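Chain and residue survey
Chain by chain, the residues run as shown.
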Amino acid sequence: MSQYFNIAVVGASGAVGEEIFRVLEERNFPVASLLPLASANSAGETVECCGTHYRIEELTETVFEGRDIDIAFFSAGGSISAQYAQYAVEAGAVVIDNTSHFRMDPEIPLVVPEVNPEDIAAWRERGIIANPNCSTIQMVLALKPLYDLYGSIKRVDVATYQATSGAGKKGMEELVQQMQDFFAFKLDETRIEAFQHQIALNVIPHIDVPQPGDYTREEMKMVNETNKILHADIAVSATCVRVPVLRSHSEAVTVTFAPDVDVDVEKVRLALHEFPDVEVMDNLEENLYPMPIVATDTDTTFVGRIRRDLFAPNILHLWVVADQLRVGAATNAIRIAEKWIEMERV
């Protein structure tokens, strides 16, 4: 296998696509060539990566032919992946898909490299590796060392505090515009398009479309993806909330272990501290705990407010924060690519 790789990025003009270019450069990914792809509206624009400017080309059914693409990152929405991913696979690329389209397909691995790297080997079935939902990624990065420490997890209850960047550029722009309207005394005229309600000075307990049982699709992603990644049967209940933060998701996580487990907080801290790409930030007396402004622009999942339940010794509470554009999307995708390269070279 070559030491350098021809890379395609579908959704090159979007928030995640732009982050992929940044992370490729920061991690010194072995890029031989780069093919940025987007809709006809963005074709002709330029992007910069690794000191070189590249022109965005229009994504078509034939654009991968004869390009010798090794790895294709897809970050342009589920319908785009559904329509075009197979053309990249047929042209010889491994597709790393950031959308929800392939995640629960039993033939396609759903991977967080620090948690279930062995699943990457199943890429040969369909030529595709799925990137989990951003909220799921940061949660399983915190759950995996706990799962290993105590043998199993019976239940997880999570409330998310999700930044507007989870809705892409339009979400962030809408928050900024509404705050500007607030300070200009024009909030009653503000535009509401990206979310169901005004997001400035508000929280919205509704992300994605309703599902049976009055959960939303975003919440069900966390339920189903967590179990697929951990190869477990854990009762998961999620409440996903949009908050007026530009970037980085936060989660309040409650973990219930088997009834005979007596949680030792110091052992928990050590297990989290030793786990790759997780950092413990936990000293309440010194006001030290994870916050979005700490996590933004990093590739680390931060965990704090670690405490045993007051009434049940087998229950643990955590606060988990990560940059969902990086840890929850671009960085995880590139970590998958790095692990894929490592495994293919063996």
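First, a word on scope: everything that follows refers to the structure included in this document. (Residues numbered from 1 in each chain as written. Predicted model: local features only at pLDDT ≥ 70, side-chain atom pairs only at ≥ 80, totals over all residues. Heavy atoms only, no water.)

Here we look at the overall build of the protein chain
Defined as follows: Secondary structure counts use DSSP, requiring at least four H or I residues in a row for a helix and at least two E residues in a row for a strand, with both numbered from the N terminus. Throughout, the radius of gyration refers to the C-alpha atoms, and the reference size of a globule is 2.2 Å times the residue count to the power 0.38. A 1.4 Å probe rolled over the protein chains alone gives each residue an accessible area, and that area as a share of the maximum for its type sets the label: buried under 20%, exposed over 50%, partly exposed in between. To be clear on the numbers: accessible area is Shrake-Rupley with a 1.4 Å probe, and residue cover counts the displayed protein chains and nothing else.
Scanning the protein chain for helices and strands turns up eight helices and 14 strands. Taking 2.2 N^0.38 as the reference for a compact globule, 346 residues should give roughly 20 Å; the C-alpha atoms of the protein chain span a radius of gyration of 20 Å, in line with that estimate. Counting only C-alpha atoms, the protein chain reaches 65 × 60 × 40 Å along its principal axes. Within the protein chain, the proportion of its 346 residues that are buried is 54%. Working note: accessible area of the protein chain is about 15,300 Å², and carbon and sulfur atoms make up 49% of it.

Some thoughts on a nonpolar patch on the surface
The following threshold applies: Patches draw on residues past 30% relative accessible area with no salt bridge. Two like charges within 9 Å are joined, as are two nonpolar side chains (Val, Leu, Ile, Met, Phe, Trp, Tyr) within 5 Å. Put simply, a salt bridge is a Lys or Arg side-chain nitrogen that is within 4 Å of an Asp or Glu carboxyl oxygen.
Taken together, the side chains of F182, F183 and L201 define a hydrophobic patch exposed on the protein surface, amounting to about 330 Å² of accessible area. Following the sequence through the fold, F183 ends up in helix α4 (residues 168-183). Residue class for F183 comes out exposed when judged on its relative accessible area of 61%.

Description of the environment of A312
Its place among the elements puts A312 in the loop between β13 (301-308) and β14 (315-322). With relative accessibility at 17%, the residue A312 sits in the buried group. Between the C-alpha atoms of A312 and E114, which are 198 residues apart in sequence, the distance is 30 Å.

Some words on the nonpolar core
As a reminder, the rule being used: The term nonpolar core refers to a set of buried residues drawn from Ala, Val, Leu, Ile, Met, Phe, Trp, Tyr and Cys, joined through side-chain atoms within 4.5 Å. In what follows, residue pairs with any heavy atoms lying within 4.5 Å of each other are defined as contacts.
If you look at the biggest cluster of nonpolar residues, it comprises 63 residues, and the most contacted ones within it are F64, A72, F74, V253, F257, L272 and L318. In terms of residue count, the dominant contributor to this core is helix α3 (residues 134-150) (nine residues). With near-sequence residues (within four places) excluded, L318 lies in contact with L146, E251, A252, V253, V255, L272, V303, G304, R305 and I306.

Structural notes on the sheet that holds strand β2 (residues 31-38)
Strands pair in a sheet through their backbones, by hydrogen bonds, and they do so in one of two ways: parallel or antiparallel. Note the cut-off: Strand pairing follows a simple DSSP-based rule, namely that at least 2 bridges must link the two strands. Where helices are involved, their axes are fitted lines through C-alpha atoms of the stretch in contact, as for all axes, and angles between N-to-C directions lie from 0 to 180°.
Judged by pairing direction, the sheet is parallel, and its six strands sit side by side in the order β5-β2-β1-β6-β7-β8 without closing on themselves. Edge positions in the open sheet fall to β5 (57-58) and β8 (128-130), since each of these has one partner strand only. Pairing of strand β1 (residues 5-10) with β2 involves six bridges; the strand directions are parallel. Across the sheet, N6 pairs through a bridge with S33, a residue of β2. This element, helix α1 (residues 15-26), spans β1, β2 and β6 (71-74) of the sheet and lies at about 170° to β2. Packing against the sheet, helix α2 (residues 78-90) makes contact with β1, β6, β7 (94-97) and β8, and its axis sits at approximately 175° to β6.

Brief notes about the pattern of salt bridges
Evaluated as defined, the whole model comprises 29 salt bridges. Here E19 and R247 are joined by a salt bridge, their closest N and O atoms 3.0 Å apart. Note that E19 is positioned in helix α1 and R247 in the loop between β10 (235-242) and β11 (249-256), a separation of 228 residues in sequence. With respect to class, E19 is no different from R247; both count as buried. When the shortest N-O distance is used, the salt bridge between R326 and E26 registers 2.5 Å. With R326 in helix α8 (residues 326-345) and E26 in helix α1, the pair connects residues that are 300 residues apart, well separated along the chain. Given a relative accessible area of 1%, R326 falls into the buried group. Among the ionic contacts, a cluster of salt bridges with common partners joins E19, R22, E26, R27, R247, D297, D299, D323, R326 and E338.

Here we look at the pairing of strand β4 (residues 52-55)
Inspection of the sheet shows strand β3 (residues 46-49) paired to β4 by four bridges, in the antiparallel sense. Paired with C49 across the two strands is T52, which belongs to β4. Two successive antiparallel strands, β3 and β4, enclose a turn made up of two residues, where C50 displays a positive phi of approximately 55°.

Description of the sheet that holds β14
Spatially, the six strands line up as an open sheet ordered β10-β9-β11-β14-β13-β12, and their pairing is mixed. Each of the sheet's edge strands pairs with one partner strand only, and the pair in question is β10 and β12 (278-280). Across the sheet, the mean angle separating the axes of adjacent strands is 20° when strand polarity is ignored. Taken together, the three bridges between β12 and β13 define a ladder with parallel strand orientation. Within β13, the residue paired with E279 across the bridge is F302. On top of the sheet, helix α5 (residues 217-230) reaches β9 (155-162), β10 and β11; it is set at about 145° to β10, its chief contact. Packed on one face of the sheet, helix α6 (residues 265-274) meets β12, β13 and β14 and runs near 170° to β13.

Examining unusual backbone geometry
The backbone phi angle of L201 is positive, close to 60°, even though this residue is not glycine. The residue L201 is located in the loop between α4 and α5 in this model. Positive phi, close to 50°, is recorded for H231, a residue that is not glycine. Assignment of secondary structure puts H231 in the loop between α5 and β10.

Observations regarding the packing of α3 against α6
As a reminder, the rule being used: Geometric relationships in this document are graded by angle, where less than 35 degrees denotes roughly parallel, more than 145 denotes roughly antiparallel, 65 to 115 denotes roughly perpendicular, and other angles denote oblique. Note: crossing handedness is left-handed where the near helix turns anticlockwise from the far helix by less than a right angle, and right-handed where it turns clockwise. Residue polarity is assigned by list, with Asp, Glu, Lys and Arg as charged and Ala, Val, Leu, Ile, Met, Phe, Trp, Tyr, Cys and Pro as nonpolar; anything else, Gly included, falls into the polar class.
Two numbers describe how α3 lies on α6: the axes approach to 9 Å, and their chain directions differ by 125°. The angle between the axes of α3 and α6 places the two elements in the oblique class. Of the two elements, α3 crosses α6, and the hand of that crossing is right-handed. Side by side, α3 and α6 meet where A142, P145, L146, L149 and Y150 of the first sit next to K267, V268, A271 and L272 of the second. Classifying every residue of the contact of α3 with α6 gives eight nonpolar, no polar and one charged.

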